[in-house]
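# Chains, contacts and geometry: an overview
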Amino acid sequence: MPYELKKVFASLPQMERGVSKIVGGDPKGNNFLYTNGKSVVIRNIDNPAIADIYTEHPHSVLVAKYAPSGFYIASGDVSGKIRIWDTTQKDHLLKYEYQPFSGKIKDIAWTEDSKRIAVVGEGREKFGAVFLWDSGSSVGEITGHSKIINSVDIKQTRPYRLVTSSDDNCSAFFEGPPFKFKFTMSDHGRFVNCVRFSPDGNRFATAGADGQIFLYDGKTGEKIVALGGAKAHDGGVYALSWSPDSSHLISASGDKTVKLWDVAGNVAVTTFHLGTDVLDQQLGCLWQKEHLLSISLSGYINYLDRNNPNRPLRTLKIAVDGDDQLVSCGMDDTIRFTSLTKKEYSASDLVKVDVQPKCIAVGPRGYSLAVCIGQLILLKDKKKCFTLDSLGFEPEAGALHPGGGTAAVGGADGKVYLYSIQGNTLKAEGKTLEVPGPVTDMAFSNDGAFLAVADEKKVITVFSVADGYTGKNEFYGHHAKVICLAWSPDNEHFASGGMDMLVYLWTVNNADKRIKIPDAHRLHHISGLAWLDEHTLVTTSHDASIKQWTIKF
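Structural notes, computed from the coordinates. Bear in mind the structure is a predicted one, so any value in this text is a computation, not a measurement.

Reading the values: the criteria
- Residues numbered from 1 in each chain as written.
- Predicted model: local features only at pLDDT ≥ 70, side-chain atom pairs only at ≥ 80, totals over all residues.
- Heavy atoms only, no water.
- Phe/Tyr/Trp six-rings, centres within 6.5 Å; stacked < 30°, edge-to-face > 60°.
- Helix = DSSP H or I, 4+ residues; strand = E, 2+ residues; numbered from the N terminus.
- Buried < 20%, exposed > 50% of the residue type's maximum accessible area, 1.4 Å probe, protein only.
- Lys NZ or Arg CZ within 6 Å of the ring centre and 35° of its normal.
- Pairing = 2+ DSSP bridges.
- Salt bridge = Lys/Arg side-chain N within 4 Å of Asp/Glu carboxyl O.
- Core = buried A, V, L, I, M, F, W, Y, C linked by side-chain atoms within 4.5 Å.
- Contact = heavy atoms within 4.5 Å.
- Axes fitted to C-alpha atoms, helices over the stretch in contact; angles between N-to-C directions.
- Disulfide = S-S within 2.5 Å.

## Observations regarding the packing of aromatic side chains
Any two aromatic rings considered together are summarised by their centre-to-centre distance and by the angle between their planes. Across all of its chains, the model carries 21 aromatic pairs by this definition. When the ring of Phe173 is compared with that of Phe183, the centres are 4.9 Å apart and the planes differ by 15 degrees; the resulting orientation is stacked. Highlighted residues: Phe173 in strand 15 (residues 171-175) and Phe183 in strand 16 (residues 180-185), separated in sequence by ten residues. Phe173 sits in the buried class, given a relative accessible area of 0%. Between Phe174 and Phe181, the aromatic rings sit 5.9 Å apart at their centres with planes inclined by 70 degrees, giving edge-to-face as the arrangement. Looking at Phe174, the relative accessible area reads 0%, which means it is buried. Among the aromatic side chains, those forming a connected cluster through ring pairs are Tyr72, Tyr96, Tyr98, Trp110, Phe131 and Trp133. The ring of Tyr303 has Arg314 sitting right over it, with the charged end atom 5.2 Å from the ring centre. When the ring centre of Tyr367 is taken as origin, the NZ or CZ atom of Lys380, which lies over that ring, is 4.8 Å away.

Printed below as a string of structure tokens:
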């Protein structure tokens, strides 16, 4: 195989203030899973750099849970679709798909034999359903609530019991199967965010926006105690997770702490402090084998340390490596220069622009070119030095020649305009190059010998710089608009990514010699490409993941 997927860099969970985040664990204790956008992210709990991503949902996914057998995962999205898919194969084949109600699915629970599934949420016609996993046939009714149901759990020992919790400040208790409503528990004063049975089935706990956690008998539903007395936390409690032996549980709260409770003693034996910022609010948690995980509003995943409750063992967050300057532009109409050694934004290294920038090109000797709506801005040493308006065309992409001296700008009119950089000014050379369609991206090879231009007509045109851009080759293969280009450090190959979810690896002097990576990011188009070395390509996509590939030409 000329290419091989080496690594998947998974995104963090997508978070929303005041909304609990469900983190699922696999029954063998090896993986944990969460959602971001339309993706379900599965990560190895011992080595979270090992990740897998399921991208088959057409709408945003809010929850995913392993079947107790470990062979399947059920995931639910905002449209009310539930997909049940295989965990054992790399391509995660779809086993069943159901629509229990129309509206947001907020939580899922399986019976211990992996045969029945309960789903709850914000349906238009009902707030929950419980059905057989292999036929979709109903095995009871979820009734008893007047508002959105946030959470559901099923006792993992017989006789089965099912409990739901809702924005109507109540929890409801069901017996079955078929599951029938028995009674309501109205102990909480505000929204009930989470309900979880202990693994042995003897107890279940509910957590509320009132900062309280109540314990109940798993078989009868009778209230046993309020954990920690009047208040378990100083803020709303969003999530609960029991220890494998059912003797302890952890709770995650908006007060920016996670507490570890000795259930029999009704005492918090450890309080983990995760920070003081609003982004340090704790919205999810998972107890898996010896690992205690919590999720911050920032999306950071914290591995909690029982021996040092003020500092996690590790925190998974977005990180960058390198020793150089990152130049970025954004919809906040700024251009920022970020030191990759310090790994932090500097407010002083920020350039405000008058119109929205579309892209940024970086060249030698401190030059950058910002391509904005109807405007070009030349920057030198982190400062604006020249602005060009009234271009007579709409600029879409730009590139700076690595030797300095030349800027190329691609237009929506299917032309490339060449400018010379003279000191602190941009001067039109009066020379244009024609390509088949509106320009989407462009890049000079690292040695400056070639200029590659991608367009909306699915073509990549490569111009030879040395003979005044007269020599050119056209590269065909994409089925849809080409989005991005990147040159290999060897200057003989380049990569392209498109709306067709394809990545192509091209050889400059032979348009027929190409490597095709189909479905590089399944069901999502390619948004960016970069080479780490001549055999290592990195791709990014709207599935919120980054992938690293080994390429053999």
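## Describing the pairing of strand 17 (residues 192-197)
Buried residues dominate strand 17, accounting for six of its six residues. Between the end of strand 17 and the start of strand 18 (residues 203-208), which pair antiparallel, lie five residues, with Gly201 showing a positive phi angle near 80 degrees.

## As for the pattern of salt bridges
Per the counting criterion, the structure on display carries 18 salt bridges. For Asp113, the salt bridge identified is with Arg116, shortest N-O distance 3.0 Å. Look at Asp113 and you get partly exposed, because its relative accessible area is 24%. Salt-bridge contacts for Asp349 lead to Lys382; the nearest nitrogen and oxygen are separated by 3.3 Å. Of this pair, Asp349 sits in the loop between strand 30 (334-339) and strand 31 (350-352) while Lys382 sits in the loop between strand 34 (375-380) and strand 35 (383-388), placing them 33 residues apart in sequence. Among the charged side chains, a network of salt bridges with common partners joins Glu112, Asp113, Arg116 and Arg158.

## Description of the nonpolar core
Phe32, Tyr34, Leu293, Ile301, Tyr303 and Leu316 are the most contacted members of the largest nonpolar core, which totals 18 residues. Elements with a minimum of two residues in this core: strand 3 (31-36), strand 25 (282-288), strand 26 (291-296) and strand 27 (301-303). In contact with Tyr303, not counting residues within four places along its chain, are Phe32, Asn44, Ile45, Pro48, His291, Leu292, Leu293, Pro312, Leu313, Arg314 and Leu316. Ile22, Ala67, Ile117 and Phe131 belong to the second-largest nonpolar core, a separate cluster that totals 17 residues.

## Some details on the sheet that holds strand 4 (residues 39-44)
What holds strands together in a sheet is hydrogen bonding between their backbones, with the strands either parallel or antiparallel. Read across the sheet, four strands follow the order 2-3-4-5 without closing on themselves; strand pairing throughout is antiparallel. Each of the sheet's edge strands pairs with one partner strand only, and the pair in question is strand 2 (24-25) and strand 5 (51-54). The sheet contact formed by strand 2 and strand 3 spans two bridges and is antiparallel. Residue Gly24 lies in a different strand from strand 3, and its bridge partner there is Leu33.

## Section: the sheet that holds strand 11 (residues 116-123)
Ordered by their spatial adjacency, three strands build an open sheet running 10-11-12, and the pairing between neighbours is antiparallel. In this open sheet, the two edge strands, each paired with only one partner strand, are strand 10 (103-110) and strand 12 (128-132). The average angle at which neighbouring strand axes cross in this sheet is 25 degrees, direction not considered. Bridge count for strand 10 against strand 11 is seven bridges, and the pairing is antiparallel. In the strand pairing of strand 11, Ile108 is matched with Val119.

## Brief notes about the state of the cysteines
Using the criterion set out here, one finds zero disulfides in the structure. We note that Cys170 lacks a disulfide partner, and the nearest cysteine sulfur, in Cys194, lies 16 Å from it. In this structure Cys170 comes out as buried when scored by relative accessible area, which is 14%. Just so you know, Cys359 is unpaired, no disulfide at all, and the nearest cysteine sulfur is the one on Cys329, 6.5 Å from it.

## Some words on the side chain of Ser488
Inspection of the secondary structure assignment puts Ser488 in the loop between strand 44 (482-487) and strand 45 (493-498). With a relative accessible area of 0%, Ser488 lands in the buried category. With sequence-adjacent residues up to four places away left out, Ser488 is seen in contact with Asn446, His493, Phe494, Trp531 and Glu534.

## Overview of the environment of Ala480
Of note, Ala480 is situated in the loop between strand 43 (472-476) and strand 44. Each C-alpha atom of the pair Ala480 and Met501 lies 8.8 Å from the other, and the pair is 21 residues apart in sequence. Residues within four places of Ala480 in sequence aside, it is in contact with Lys458, Met499 and Asp500.

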